Amino acid sequence: MINFRPSDARTSSSAAAAATASSAVTAEKAFSFISKGWREVKDSTEADLQLMKDRANSFKNLASSFDREFENFLNSASRSTFPVTAISNSSSAYPAEIDFVKKLQPKLTEFRRAYSSPDFSRRVLEKWNPKAKIRIDLSAIRNAIVSEVEEVGGDGERYRRGGGLGAFGVGEGDEGEVSRDWEPIRALKTRLRELETKRSSSEIIEGLKNSELVEKVKSSLKAICKEPNYSKEVPPLDFQELLACLVRQSGPFLDHLGVKRDLSDKIVESLCSKKKNQLLLRSLPAGESSIIEGDNINDELDLRIASVLQSTGHHYEGGLWDDLGKRDSSDGTRHVAIVTTASLPWMTGTAVNPLFRAAYLARSQKQKVTLLVPWLTQTDQESVYPNNITFSSPEEQEVYIRNWLEERVGFNADFKISFYPGKFQKERRSIIPAGDTSQFISSKEADIAILEEPEHLNWYHHGKRWTDKFNHVVGVVHTNYLEYIKREKNGALQAFFVKHINNWVARAYCDKVLRLSAATQDLPKSVICNVHGVNPKFLEIGERMAAEKEGGEQRFSKGAYFLGKMVWAKGYRELIDLLAKQKNDLNGFNLDVYGNGEDAHEVQNTAKNLDLNVNFMKGRDHADDSLHGYKIFINPSVSDVLCTATAEALAMGKFVVCADHPSNDFFRSFPNCLTYETPEEFVHRVKEAMSSEPQPLTPEQRYKLSWEAATQRFMEYSDLDKVLNSESNGIVRRSKSVPNLTSVVDGGLAFAHYCLTGNEFLRQCTGAVPGTRDYNKQHCKDLDLLPPQVENPIYGW
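Residues numbered from 1 in each chain as written. Predicted model: local features only at pLDDT ≥ 70, side-chain atom pairs only at ≥ 80, totals over all residues. Heavy atoms only, no water.

The chain is annotated in an unreviewed UniProt entry as Digalactosyldiacylglycerol synthase 1, chloroplastic from Centaurea solstitialis. Entered under Catalytic activity (unreviewed entry) in the UniProt record, the comment concerning the chain runs "a 1,2-diacyl-3-O-(beta-D-galactosyl)-sn-glycerol + UDP-alpha-D-galactose = a 1,2-diacyl-3-O-[alpha-D-galactosyl-(1->6)-beta-D-galactosyl]-sn-glycerol + UDP + H(+)". Listed in UniProt under the heading Sequence similarities (unreviewed entry), the comment for the chain reads: "Belongs to the glycosyltransferase group 1 family. Glycosyltransferase 4 subfamily." (UniProt positions renumbered as here; feature names shortened; annotations may be inferred.)

Written out as structure tokens, the structure reads:
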């Protein structure tokens, strides 16, 4: 037995009693934990035995059923009639089946008696379970440890605990037998002797707490016990926790109001003390509960918030205005994100040109490229995409885009395609982003952004400021929105507001703006340069047509045509007006028109009523074989910024008759481009083209139309070459020095725009699609996104 040394006798009797009581309580807790584990083992064993009984009874019932069925079979066989002639011959004339049954019947009868015996189930259970009940006698364990604890208090200070293990049939046992049979008791007694050298009850308790034996017992019982079936979902933050977080984060503000920090800490502690361990234990992963044993309320609150955020999948990527620290690339690789407002199979300029830009920027392999395109729900796809083409998933649409691109460029374009939620607005015939588009580019890749149609992307942009998240932001203006708006009802007033809003967003969200031609609005920080090229397939067609001319073959077998989306703003109004005014001068002139669109029925009826020589065809790809034989492409549109179809016609070696307009300035240097200012001059240019042959393009002219040349111009005029080469070993970050007046104004405009676009009423008043501030449930399902309220929770301030 273990006795304290004489030096311990100097301790007062009251201290000894307290130490004895504390030790006894600790031992009682340990055995209570062990008894709970054994009780669960007992319950599990009894459940298994009951299951075995049930299976034995089931087997017995099945055998009885089989016996009845077989007996019916025998009876039916004995009653069967056979031919009289066969029976009269001899007994051997019975069928072989009947002889087999007669031989088998005695054996089956004996088997039936065996398994029908009442002792059958008992014998089966005895074979599988020698003891129907398991009784675990823990009296030896209890007596061994209690005897040691009783002597801790010295003579006359014995402590008796009662009732803890009564459910297991505790009885007296021999200590020597316990030492021989129970190895854990011997280890526990050895550990208790080591604890004798400790002079205070707190040291004894701490030693028991850190005992390797206790830890081993706990881990063993956890391994054999079933895991409780409570919910693993992390409960959300309640009002008290949210209020505590707000008080803690408002510390500097409260200091200014005279509220001391100690008082703030007490408020936070009082709010969190009631649920100090209850919710936190459910929030932490298994094996990490030890971290809550401290007394730091702030740490516990931080862990609680972190666990809730982790359970929702939310990932914080910086504040609203600045995220500079997270944009450094460890390997120095530059990233370019191209964000556009349309995607294939919608054959529009903002779908095709950004796709080629991404391919040719990625071809140099100097930077990684991501193309971000809108994803439309099934209903919007049916309204936008031609020929009833729809996609069930973004992956399916990505395959379509890559196959289309590879057929035209002839090389494998190594860039990433991502999708952001978008909604189609029928009134404007355009796609409006839903939610914060910038969030779909991670902070690690937020280096350089190219916004195709920056005004369109940012009209209702409610999210992170592009110039705060990215190092360099370039806007490429594709569309002359003012020209389109002026054609609508109250167009002059709408154009006035849109003009100033475009200036606003250009200043607030872009570092550089590239205008394809002077036909667009003059925006801040803008320069004029055509940074679009021509699909290589059209240049190949032009080379083939030139080779046919040199071989003496007929190059063009058809006259004139026009190709474009059939809406009035795409030049159809100007085309019909010209043909109607000059109908007599163009006698015998026929024009084929290819296109689909919302105004197709009205355009065709107008041309029919005016008796114009126009043949309307369904829209098709400009590279289609049926269009190679035309010699003249007519484009009277003055609403385009830079007509892609005009560039494609020039690349194929055709004549182009177009208006003398800033949108066509880039094409004036090509000899096959014939411009006009008046309707009379239009007739003259058409007759000139009909009576002559276009000149083949020179190598310099072909290169000028190519995407290689367009990419080179883009790198130069957007300052992208300077940004990419600004530092050879890393990425140069924006300076965090005191901003100048211009940056302060731009930041103020961005903040005001953010506040205005956050109000749903103001958004709808300015023409936004209802519900585009955040993406909807269908977008969450299609793009595997978290709901907006989870992505931006109220406690994420």
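1. Points about helix H24 (residues 600-609)
The complete set of buried residues in H24 reads Ala600, Val603 and Ala607. Down the axis of H24, the buried side of the element spans an arc of 70 degrees, and every buried residue falls inside it. Relative to its buried face, H24 has exposed residues pointing more than 90 degrees away, namely His601, Lys608 and Asn609. Tucked into the core, H24 has its buried residues touching helix H23 (572-581) and strand E11 (614-617). Of the residues one or two after H24, Asp611 is the one with positive phi, at around 55 degrees. (Buried < 20%, exposed > 50% of the residue type's maximum accessible area, 1.4 Å probe, protein only. Helix = DSSP H or I, 4+ residues; strand = E, 2+ residues; numbered from the N terminus. Arc of directions from axis to C-beta. Contact = heavy atoms within 4.5 Å.)

2. Quick notes on the nonpolar core
The tendency in soluble globular proteins is for nonpolar side chains to be buried as a group. Membership of the largest hydrophobic core comes to 108 residues, with the highest contact counts inside it found for Leu405, Phe415, Ile634, Phe682 and Leu705. It is helix H15 (residues 349-363) that provides the largest number of residues to this core, a total of nine residues. Residues contacting Phe415, with those up to four places away along its chain left out, are Leu355, Ala358, Ala359, Ala362, Val369, Leu371, Arg402 and Leu405. Core analysis: the second largest hydrophobic core is formed by 25 residues, Phe440, Leu457, Val477 and Tyr775 among them. (Core = buried A, V, L, I, M, F, W, Y, C linked by side-chain atoms within 4.5 Å.)

3. Digging into the environment of Val769
You can see Val769 is positioned in the loop between helix H31 (760-765) and helix H32 (777-783). Residue classification places Val769 among the buried residues on the basis of a relative accessible area of 14%.

4. Topic: empty space enclosed by the protein
Evaluated as defined, the whole model comprises 10 cavities of 30 Å³ or more. Here the second largest cavity is characterised by a volume of approximately 100 Å³. (1 Å grid on protein atoms, 1.4 Å probe; cavity = no way out; pocket = protein on both sides within 12 Å on 5 of 7 lines; lining within 4 Å. Points joined across faces, edges and corners; volume = space filled by probe spheres on them.)

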